Amino acid sequence: MSNRILRLQVRDRSLDPAQAELWVTAEAEHVTPTTELRGRLMGPRCLYSATVEVAYPLGPFARRPAGLAGPAARVVIPEPSLWEPECPFLYEGTVELWEDGVCVDQAAIRHGLRRILLGRGGLRVNGRPLTLRGRVLTECDENAAAALRRAGYNLLVAPGEADLWDLADHRGFFILGRLGQPEAADLALAELLTAHPSCLGWLLEPPFDPWDGEPVGRLREHAALVGVQFLDTPDVPPPEGVVFVVCPAAAGNAAYRRVLDLPALLVGDGPVGPEVFGRLD
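Everything numeric in this text was worked out from a predicted model, so none of it was measured.

Asker: Would you mind showing me how to read helix H3 (residues 184-193) here?
Answerer: It helps to recall that an α-helix has 3.6 residues per turn; residues three or four apart then point in one direction. If you check which residues of H3 are buried, you get Leu 187, Ala 190, Glu 191 and Leu 193. One side of H3 carries all its buried residues, which in axial view fall inside an arc of 165°. The outward face of H3, more than 90 degrees from its buried face, is lined by the exposed residues Ala 184 and Ala 185.

Asker: Sorry, what's going on with the sheet that holds strand S5 (residues 72-78) here?
Answerer: By way of backbone hydrogen bonds, the strands of a sheet pair with one another, either parallel or antiparallel. In space, the 3 strands of this open sheet follow the order S1-S2-S5, with antiparallel pairing throughout. The two strands at the open ends of the sheet, each matched to only one other strand, are strand S1 (5-16) and S5. Averaged over all pairs of adjacent strands, the angle between their axes in this sheet comes to 20°, without regard to strand direction. Relative to strand S2 (residues 19-28), S1 is paired through 10 bridges, and the arrangement is antiparallel. When the bridges of S2 are listed, Asp 16 appears paired with Gln 19.

Asker: I would appreciate a short explanation of the pattern of salt bridges in the present structure.
Answerer: Two side chains carrying opposite charge are able to pair once their charged atoms lie near each other. Tallied over the full model, the rule gives 11 salt bridges. One salt bridge connects Glu 53 with Arg 45, and the closest N-O pair in it is separated by 2.8 Å. Classification of Glu 53 by relative accessible area gives partly exposed; the value is 36%. The partly exposed category is assigned to Arg 45, whose relative accessible area is 30%. Counted as one network, the salt bridges with shared partners bring together Arg 45, Glu 53, Glu 92, Arg 110, Asp 166 and Asp 169.

Asker: Just checking my understanding: could you explain the pairing of strand S15 (residues 225-229) for this structure?
Answerer: Consecutive side chains of a regular strand alternate in pointing toward one face of the sheet and then the other. Counting buried residues along S15, 4 of its 5 residues qualify, which places the element largely inside the surrounding structure. Both S15 and strand S16 (residues 244-248) contribute to a ladder of 3 bridges, which runs parallel. Within the sheet, the bridge partner assigned to Gly 227 lies in S16 and is Phe 244.

Criteria and cut-off values
- Residues numbered from 1 in each chain as written.
- Predicted model: local features only at pLDDT ≥ 70, side-chain atom pairs only at ≥ 80, totals over all residues.
- Heavy atoms only, no water.
- Buried < 20%, exposed > 50% of the residue type's maximum accessible area, 1.4 Å probe, protein only.
- Helix = DSSP H or I, 4+ residues; strand = E, 2+ residues; numbered from the N terminus.
- Arc of directions from axis to C-beta.
- Pairing = 2+ DSSP bridges.
- Axes fitted to C-alpha atoms, helices over the stretch in contact; angles between N-to-C directions.
- Salt bridge = Lys/Arg side-chain N within 4 Å of Asp/Glu carboxyl O.

Below, the structure written as structure tokens:
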């Protein structure tokens, strides 16, 4: 009987500076007592830094964690190199699906280890504060990405285009994916793209109804930061699960901040405060 991988997920179990642990889980067409995951990650790799690549094999759990469904394995990386715009370190490799001692399918994976915290005090990436400078665009190639990086940009606001997200992984840009009127297919793609190390989160923008909590909840299930864009000062806060807003800098006044009480990305020049974690051109 044939079998194949339907979906892979890589999760950061721990990001201790001395040792990182990743959990790799798979959804397969079917699972038998002999179904297992094998393979390895190679890294770190970085476009801007010379590295010595090491192989890190997928291995079994000494004791399988409760609630972990489907084929699963763990990867241990001593002294891990973390992904961030300045040094976008990546680990890449192949996950194999084995059954009855035979490899029946395989899939490529790419993973960046990073920790993101966003609050009223701003954005922290891997424990350090980071101010974002972003550009709204619809497409970008290698030459354009290199020019943006030289100009000091570290954030792209763009539609859900897989090639662009691959480029951002390697080039060291965060991406905010744009969603206007998210349909089921748009949200399904967003869930897949959220696995990219370059994914900062998703921006729900007009004509999206900023008080519709259903897409917000679905995106938050995949640990994505979710924000909404306002063209003027709102009367009431957005739904639960929204963690930042994008607004004109002119709206970044005290009245606006009292209504939202959320970190902000500002469009254009205007007043700033500790809650402003970046600007968009």
